[in-house]
Amino acid sequence: MEKKTILECFNIFITFFKIGAFTIGGGYAMLPIIEKEIVQNKKWMEHNEILDTFAIIQSIPGIIAVNASVFIGFKRAGVKGAIFAALGVVIPSFTIILLVSHLLFSFKDNTYIQNAFAGVRAGVTALILVTAIKLAKKALKGFLSILIATTSFTLIVFFNVHPVVTILAGAIIGVIGYFLWYRHTYLKQKNM
Amino acid sequence: MIYLILTYVFFKIGLFSFGGGYAMIPLMQAEMEYFGWMSSTEFADIVSVSQMTPGPIATNTATYVGAKVAGLLGATSATLGVSLPSFVITLIIAPFFDKFKESKIVKWILKGIRPVTIGMIFSAVIFFAQTSILKVQYEKLFDFLTILFEDFSKILQIDIPSIMIFILIFILSLKFKLNPILAVFISALIGIFVF
């Protein structure tokens, strides 16, 4: 590797390491931090460019934070850049969870820890419900989307259907349903 | 051999990850149950820990499970497995950025998948409630047959301290936009005193 590439990859690694180490709360919480770091501090991308990037990486499968880092790393320095970006964003949480898991294994039978976790499980139930309600309000518009959401919920909870099956079914229904809708409106326009 | 299984299972989880960490809870839970790697309570705990530590829920769970099942090498295999689909798919898409952005079929697929992920997040709520608020007598409380043929009052009991914490955090975060990290700390503190 050229010296310039090595430096660039190191730079990418450090940038995403920092993002990975200091953002709490999962992928969605990371996006604003990535935006600030990449657009304002590093000036690697324009504001519009990063918004486009976020839209794309949320529309492909995978972990949001890893998708974002791989994409930006690739734009910056090709496949090598992508590798270093991904390593940077994953290594902090990997290390921290290894330490935490060690602690959890050894304090598993402590009553205080157990009670604290019992409380946290109830609290997190509420946190997830709040997220679910907010997303549903924002994204569930129209009959078909409400029907798909309710059906997938019912199948998973009451009929123990594997979530992968419901995702694939959703994709197929989406393509067929919205294609028919598109053809319908297209033909109507043509006849007018 | 166990390393290959870990990589494979978490590769599958990574491959079907849509809509962020919460949406992935039912999928990960299904796999954990199938392989018997974690109890549902333990899995709920590691998701809770992910609220307070940096990093995505999916990689955190992968690291934890890997470490539990097969030590450091296990943690590495699982984390690698869960990140690999992200890596490969993003690299494949990146050169076709603009075409992908405009594609109608991609838009339709997403319009079909997004509601499914919302349904999955609501299922995650039920799963979490089963580890805290609802004291469940049967393994499959929400099984269709159980609901039809069993006496519901016998199998479903509500845990009073848990439901108090649940209502408190629900109101605080919905109405007053309480920070999730603070929410976790408050729940832990109340938990120590009321249970």
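Predicted model only: the values in this text are computed from it and were never measured.

About the cut-offs
Residues numbered from 1 in each chain as written. Chains lettered and ligands numbered in written order. Predicted model: local features only at pLDDT ≥ 70, side-chain atom pairs only at ≥ 80, totals over all residues. Heavy atoms only, no water. Contact = heavy atoms within 4.5 Å. Buried area = accessible area lost by both parts, 1.4 Å probe. Salt bridge = Lys/Arg side-chain N within 4 Å of Asp/Glu carboxyl O. Patch = residues over 30% accessible without salt bridge, like charges linked within 9 Å, V, L, I, M, F, W, Y side chains within 5 Å. Areas by Shrake-Rupley, 256 points an atom, 1.4 Å probe, with all protein chains shown as cover. Helix = DSSP H or I, 4+ residues; strand = E, 2+ residues; numbered from the N terminus. Core = buried A, V, L, I, M, F, W, Y, C linked by side-chain atoms within 4.5 Å. Buried < 20%, exposed > 50% of the residue type's maximum accessible area, 1.4 Å probe, protein only. pLDDT = per-residue confidence, 0-100. Axes fitted to C-alpha atoms, helices over the stretch in contact; angles between N-to-C directions. Parallel < 35°, antiparallel > 145°, perpendicular 65-115°, else oblique. Left-handed = near helix turned anticlockwise from the far one by under 90°. Nonpolar A, V, L, I, M, F, W, Y, C, P; charged D, E, K, R; others polar.

Draft legend 1. View of the interface of chain B and chain A. Listed by partner, the interface residues are 95 residues for chain B and 86 residues for chain A. Regarding the contact of chain B and chain A, the summed buried area is about 8,200 Å², with carbon and sulfur atoms giving 81% of it. Of all residues in chain B, the largest losses of buried area upon contact with chain A belong to Pro54, Phe97 and Trp108 of chain B, amounting jointly to 8% of the total for that side. Connecting chain B to chain A are one salt bridge.

Draft legend 2. Looking closely at a nonpolar patch on the surface. Taken together, Ile172, Ile176, Phe179, Leu180, Tyr182, Tyr186 and Leu187 of chain A make up a surface patch of nonpolar side chains, about 660 Å² in accessible area. Tracing the chain through its elements places Tyr182 of chain A in helix α7 (residues 163-191).

Draft legend 3. Inspection of the nonpolar core at higher detail. Among the nonpolar cores identified, the biggest contains 101 residues, and Ile34 and Ile128 of chain A together with Phe10, Ile25 and Phe43 of chain B are the most heavily contacted of them. For this core, the element with the highest residue contribution is helix α4 (residues 64-106) of chain A, accounting for 15 residues. Sequence-distant contacts of Ile25 of chain B, defined by excluding residues within four places in its chain, comprise Ile128 of chain A together with Phe43, Val47, Ala124, Phe127 and Phe128 of chain B.

Draft legend 4. Local environment of the pattern of salt bridges. Counted according to the given criterion, the structure contains five salt bridges over all chains. Asp45 of chain B is the partner of Arg121 of chain A in a salt bridge, and the nearest nitrogen-oxygen pair spans 2.9 Å. Within this pair, whereas Arg121 of chain A is found in helix α5 (residues 111-139), its partner Asp45 of chain B is found in helix α3 (residues 40-52), the two belonging to separate chains. A relative accessible area of 14% places Asp45 of chain B in the buried class. A salt bridge links Lys68 of chain B to Glu42 of chain B; the nearest nitrogen and oxygen atoms lie 3.0 Å apart. Of this pair, Lys68 of chain B sits in helix α4 (residues 57-93) while Glu42 of chain B sits in helix α3; the two residues are 26 residues apart in sequence, bridging distant segments of the chain.

Draft legend 5. Spotlight on the confidence of the model for chain B. A residue-level look at chain B finds 90% of positions with pLDDT of 70 or above and a mean pLDDT of 86. No element of chain B has a lower mean pLDDT than helix α8 (residues 152-155) of chain B, which averages 64, and none a higher one than helix α1 (residues 2-15) of chain B, which averages 94.

Draft legend 6. Focus on the side chain of Ser101 of chain A. Looking at where Ser101 of chain A falls in the secondary structure, it is placed in helix α4. In this view, Ser101 of chain A contacts Tyr64 and Ala67 of chain B; residues no more than four positions away in its chain are not counted.

Draft legend 7. Structural view of the packing of α1 of chain B against helix α2 (residues 25-35) of chain B. Residue and element names in this part refer to chain B. Between α1 and α2, the shortest axis-to-axis distance is 10 Å and the interhelical angle comes to 155 degrees. Overall, the two elements α1 and α2 adopt an arrangement that is roughly antiparallel. As for the relative orientation of α1 and α2, their crossing is right-handed in sense. In this structure, α1 contributes Ile5, Val9, Phe10, Lys12 and Ile13 to the contact, and α2 contributes Leu27, Met28, Glu31, Met32 and Phe35. Grouping the constituent residues of the contact of α1 with α2 by class yields eight nonpolar, no polar and two charged.

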